Amino acid sequence: PRNQQLPATAAMFAAAGKKLSSISMTVFSGQAEPDPPPPPPTAWESMVNKVDAYFELSYMQRMAGFAMTGIGGLVMMGMASMYLPMVLIGFPQKFAFTYAMSNLLLLLSSCFMVGPKKQIENMMQPSRAVAALGWLTSTIGLLYVVWRMRFFVYVVSALSVQVICLLYYVGTYLPWGNSWVTYIVKSWVSMSLKLCKGIFCFCCRSASGDSGSSLLPM
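Structure report, in brief.

About the thresholds
- Residues numbered from 1 in each chain as written.
- Predicted model: local features only at pLDDT ≥ 70, side-chain atom pairs only at ≥ 80, totals over all residues.
- Heavy atoms only, no water.
- Core = buried A, V, L, I, M, F, W, Y, C linked by side-chain atoms within 4.5 Å.
- Buried < 20%, exposed > 50% of the residue type's maximum accessible area, 1.4 Å probe, protein only.
- Helix = DSSP H or I, 4+ residues; strand = E, 2+ residues; numbered from the N terminus.
- Contact = heavy atoms within 4.5 Å.
- Phe/Tyr/Trp six-rings, centres within 6.5 Å; stacked < 30°, edge-to-face > 60°.
- Lys NZ or Arg CZ within 6 Å of the ring centre and 35° of its normal.
- Expected span 1.5 Å × (residues − 1).
- Patch = residues over 30% accessible without salt bridge, like charges linked within 9 Å, V, L, I, M, F, W, Y side chains within 5 Å.
- Areas by Shrake-Rupley, 256 points an atom, 1.4 Å probe, with all protein chains shown as cover.
- Salt bridge = Lys/Arg side-chain N within 4 Å of Asp/Glu carboxyl O.

Let us now look at the nonpolar core. Residues F95, Y99, M123, W135, L142 and Y169 are the most contacted members of the largest nonpolar core, which totals 21 residues. Within the residue set of this core, elements represented by two or more residues are helix 3 (59–88), helix 4 (93–114), helix 6 (129–149) and helix 7 (152–171). The element contributing the most residues to this core is helix 6, with seven residues. Not counting residues within four places of it along the chain, the set of residues in contact with Y169 comprises Q119, M123, R128, A131, A132 and W135.

Written out as structure tokens, the structure is:
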């Protein structure tokens with residue numbers, strides 16, 4: 001039996017020696033063990049990679065696209081500032097259209113600068129994904145309202161929602177930005193409600209005064 005145990009013990013020591021020699025060669029040669037293969041990309045990552053590959057451009061093409069869309073966005077923003085007084089007289093359609101187009105063109109210029117993949121990943125971060133989706137949805141909704149409905153109340157309501165979503169999206173890039181945006185929105189809503197209440201009370205008083213004066217004898 002002792003003679004039968006000797007080959008098994010020798011084989012065990014030989015395997016341990018080979019393993020020890022491989023470890024020592026790895027340590028002294030500086031060659032680390034190969035890393036495990038990366039996990040397969042998710043469906044979202046695959047879609048983002050396809051979009052980035054589809055819009056792959058050279059450096060000069062990206063700079064040209066950035067310049068054209070950036071200048072177009074600034075021009076639309078300037079036109080929106082010119083049409084801003086028309087909102088006060090009951091014609092907000094031109095302002096809303098130029099303002100929404102300036103938002104989309106400036107977003108497109110950022111995509112040309114950093115690339116669609118980087119832009120999408122930056123917007124879809126957990127801290128700003130909801131704000132980014134709200135801003136894009138409200139901007140597209142504003143364009144739809146301007147083109148299809150064109151009623152003053154609808155356009156002003158959609159424009160107000162879009163501006164609030166834009167402020168929240170911009171606030172995600174600033175420290176304590178959303179707290180400031182929440183304070184500004186609450187103050188703006190409070191002032192708007194007070195203004196509407198004052199206008200309503202003034203109209204009621206004017207209507208009651210006119211009806212009272214009409215009852216006086218001639």
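All right, on to the packing of aromatic side chains then. Under the counting rule described, the total for this entry stands at five aromatic pairs. When the centroid spacing of 5.6 Å and the interplanar angle of 90 degrees are considered together, the rings of F97 and W147 count as edge-to-face. A residue pair is termed long-range when its members are at least 10 positions apart, and F97 in helix 4 and W147 in helix 6 qualify at 50 residues. When the centroid spacing of 5.4 Å and the interplanar angle of 85 degrees are considered together, the rings of Y169 and Y173 count as edge-to-face. In textbook terms, an aromatic cluster arises when at least three aromatic residues are bridged by ring pairs, as seen for W135, Y169 and Y173. The ring of Y173 has R128 sitting right over it, with the charged end atom 3.9 Å from the ring centre.

Compared with an ideal rise of 1.5 Å per residue, which puts 20 residues at 28 Å, helix 7 spans 28 Å between its outermost C-alpha atoms and is within 8% of the ideal. Among all positions in helix 7, only V155, A158, L159, Q162, C165, L166, Y169 and G171 are buried.

Turning our eyes to something else, we now look at helix 6. Taking 1.5 Å of rise per residue, 21 residues should cover 30 Å, and helix 6 covers 29 Å from first to last C-alpha, within 8% of that figure. Looking at helix 6, one finds that the buried residues are A129, A131, A132, W135, S138, T139, L142, L143, V145 and V146. In this structure, the buried residues of helix 6 make contact with helix 4, helix 5 (116–123) and helix 7. Immediately downstream of helix 6, the backbone of R150 shows phi near 65 degrees, a positive value.

Quick look at the environment of K50 now. Mapped onto the elements of the fold, K50 is located in helix 2 (residues 43–54). The exposed category is assigned to K50, whose relative accessible area is 62%.

This part takes up a nonpolar patch on the surface. Residues Y144, M149, F151, F152, V153 and Y154 make up a contiguous nonpolar surface patch of roughly 610 Å² in combined accessible area. Counting only elements with at least two residues in the nonpolar patch, the list comes to helix 6 and helix 7. No other element matches helix 7, which puts three residues into the nonpolar patch.

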